[in-house]
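What follows is each chain in one-letter form.
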Amino acid sequence: IYQDIESEKNKRNNLDSMELDSGEKDPVPEITKAHFLEAMKYARRSVSDGDIRKYEMFAQKLQTNRGFGKEFKFEEENKKNENKKEDD
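Remember, predicted model here, so these are calculated numbers, not experimental data.

The rules behind each value
- Residues numbered from 1 in each chain as written.
- Predicted model: local features only at pLDDT ≥ 70, side-chain atom pairs only at ≥ 80, totals over all residues.
- Heavy atoms only, no water.
- Helix = DSSP H or I, 4+ residues; strand = E, 2+ residues; numbered from the N terminus.
- Buried < 20%, exposed > 50% of the residue type's maximum accessible area, 1.4 Å probe, protein only.
- Areas by Shrake-Rupley, 256 points an atom, 1.4 Å probe, with all protein chains shown as cover.
- Patch = residues over 30% accessible without salt bridge, like charges linked within 9 Å, V, L, I, M, F, W, Y side chains within 5 Å.
- Salt bridge = Lys/Arg side-chain N within 4 Å of Asp/Glu carboxyl O.

Caption draft 1: Quick look at the overall build of the protein. Regarding its fold elements, the protein presents four helices and zero strands. Starting at the N terminus, the α and β elements of the protein follow one another as α-α-α-α. Per-residue burial over the protein gives 0% buried out of 88 residues. When the accessible area of the protein is evaluated, it comes to approximately 9300 Å², of which 53% is carbon and sulfur surface.

Here's what the structure looks like:
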């Protein structure tokens, strides 16, 4: 347990060094486009057609309701605006 605690402390102290526990350099210090494309070869869908249709209907509903609430003002603001109109 003591060794694990010391190892964790060393990792925190050497965040910039990018060294592994064994002292070796990380063979993949950054992910490149090639890595991503290789991973995508084996990717599979995780969302069903039904879920996609539900999302599209939800997004469309949001677009149609987008104007809702634009004219909303708190009661205090309405009274101030009415007072300004009366002063004009």
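So, next bit.
Caption draft 2: Layout of a nonpolar patch on the surface. A cluster of nonpolar side chains, namely Phe36, Leu37 and Met40, defines an oily patch on the protein surface of about 310 Å² accessible area. Along the chain, Met40 falls in helix α2 (residues 33-40). Take Met40: its relative accessible area is 45%, and that puts it in the partly exposed class.

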